[in-house]
Amino acid sequence: MEISGLNFIVVVVVLVVLLLTQVVKRLFEFERGVLFRLGRLVGVRGPGLVFIIPLIDTLVKVDLRVLTMDVPAQEVITRDNVTVKVNAVAYFRALDPDKVITRVRDHILATSMIAQTTLRSILGQVELDELLAHRDKINQMLQEIIDRQTEPWGVKVSIVEVRDVELPEGMKRAMAKQAEAERERRAKVINAEGEYQASQRLAEAAQVLAQSPLTIQLRFLQTLTEVSTEKSTLLFVPFPLNLLERLTQIPSSPSPQLSKPSS
């Protein structure tokens, strides 16, 4: 009799534990439970302990944490007829648990499909240069469009980032040549600009020197001092033309005339 009573107690304890597991549900802080009673939506429960009626209530858990989804590489033809492969990454989360359960069967798969079709649609409307240079603008556009389409499902898309853009080999070579030509053009422009500025400074310096002849002489002496420090056996000395003009203007002395002998 004692053994039978012990077995009965064990059976009762097991039944109570099983009943509690069916009646009491635990929800974490990042979880919400969508409660259905006889198939009808009752509301959202949690976090914490949630009591349900077995065989009558059904509790579906929804994770509210941000999910990261890789958008598979899509082959896109840009507006300027360049074929590229682009992949992206999207960050989203369930915002309204009741809508996530009642309005879409699999919100993760549905968001992935919307992201893929939107990526092909948007990138087909931009040129390759815009895709490479203004990626932030394209990311913002993708996020707004995808979020607008997933809003009725209770899904909030917070970030969409275009990650990799794979170009054809021919396009890579063409872009490399274009970049090299652009660098050469900039170098020539900078060189011409430097020569132009140098010529302006030389012209201004010539005007200053022309206003003061004494300055020219001082500059001439300074140049001789700098040249004399060089170790060279041959020295070229510049001769000012104004000094040459002054020498040519010196009158020559009259030659003495011989007196004739007296007869």
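A quick note: this is a predicted structure, and the numbers were derived from the prediction, not measured. (Residues numbered from 1 in each chain as written. Predicted model: local features only at pLDDT ≥ 70, side-chain atom pairs only at ≥ 80, totals over all residues. Heavy atoms only, no water.)

Q: Any chance you could break down the overall build of the protein chain for me, citing the residues and the numbers?
A: A tally of regular secondary structure across the protein chain gives eight helices and eight strands. Every one of the 263 residues in the protein chain was classed for burial, and the buried ones make up 24%. Taking the intrachain contacts of the protein chain between residues at least 6 apart in sequence as the baseline, contacts between residues at least 24 apart amount to 62%. Total accessible area computed for the protein chain in this model is approximately 19600 Å², and 58% of it derives from carbon and sulfur atoms. (Helix = DSSP H or I, 4+ residues; strand = E, 2+ residues; numbered from the N terminus. Buried < 20%, exposed > 50% of the residue type's maximum accessible area, 1.4 Å probe, protein only. Contact = heavy atoms within 4.5 Å. Areas by Shrake-Rupley, 256 points an atom, 1.4 Å probe, with all protein chains shown as cover.)

Q: Quick one: what's the story with helix 3 (residues 107-123), residue by residue and with numbers?
A: Look at helix 3: 24 Å from first C-alpha to last across 17 residues, which is about the 24 Å you get at 1.5 Å a residue. Looking at the buried residues of helix 3, the elements they touch are strand 6 (67-77), strand 7 (83-94), helix 2 (97-102), helix 4 (128-133), helix 5 (135-150) and strand 8 (155-166). Looking at where helix 3 begins, the residue whose side-chain oxygen comes 3.3 Å from the main-chain nitrogen of Ile108 is Asp106. (Expected span 1.5 Å × (residues − 1). Polar contact = N/O pair within 3.5 Å; in protein donor to acceptor, adjacent residues only side chain to side chain.)

Q: Got a sec to walk through the sheet that holds strand 5 (residues 57-63)? Specific residues and values, please.
A: A sheet is described by the order of its strands in space; here three strands give the open sequence 3-2-5, paired in antiparallel fashion. In this open sheet, the two strands that pair with only one neighbour each are strand 3 (40-45) and strand 5. The mean inter-strand angle of the sheet, taken between neighbouring strand axes irrespective of direction, is 25°. Direction of pairing for strand 2 (residues 31-37) relative to strand 5: antiparallel, over a ladder of seven bridges. Counterpart to Gly33 in the pairing with strand 5 is Lys61. (Pairing = 2+ DSSP bridges. Axes fitted to C-alpha atoms, helices over the stretch in contact; angles between N-to-C directions.)

Q: Hey, could you go over the pattern of salt bridges for me, with residue numbers and the actual values?
A: Per the stated rule, a full pass over the model turns up six salt bridges. For Asp63, the salt bridge goes to Arg65, with nearest N and O atoms at 2.8 Å. Judged by relative accessible area, which is 30%, Asp63 ranks as partly exposed. For Arg65, a relative accessible area of 44% gives the class partly exposed. Where Lys156 meets Asp147, a salt bridge forms, and the shortest distance between an N and an O atom there is 3.2 Å. (Salt bridge = Lys/Arg side-chain N within 4 Å of Asp/Glu carboxyl O.)

Q: Talk me through the environment of His107; I want residue IDs and the actual numbers.
A: Tracing the backbone shows His107 in helix 3. Taking the C-alpha atoms as reference, His107 lies 7.3 Å from Trp153; in sequence the two are 46 residues apart. Apart from the residues within four sequence positions on either side, His107 is in contact with Leu67, Phe92, Val100 and Val155.

Q: I'd love a proper account of the sheet that holds strand 7, names of residues and values included.
A: A sheet is described by the order of its strands in space; here three strands give the open sequence 6-7-8, paired in antiparallel fashion. Looking at which strands have only one partner, the edges of the open sheet turn out to be strand 6 and strand 8. Adjacent strand axes in the sheet meet at a mean angle of 25° when their direction is disregarded. Packing against the sheet, helix 3 makes contact with strand 6, strand 7 and strand 8, and its axis sits at approximately 35° to strand 6.

Q: So what's going on with unusual backbone geometry? Residues and values would help.
A: The omega torsion across Gly46 and Pro47 is 0°, close enough to zero to call that bond cis. If you trace the backbone, Pro47 turns up in the loop between strand 3 and strand 4 (48-51). Even without being a glycine, Leu55 presents a positive backbone phi close to 65°. The residue Leu55 is located in the loop between strand 4 and strand 5 in this model.

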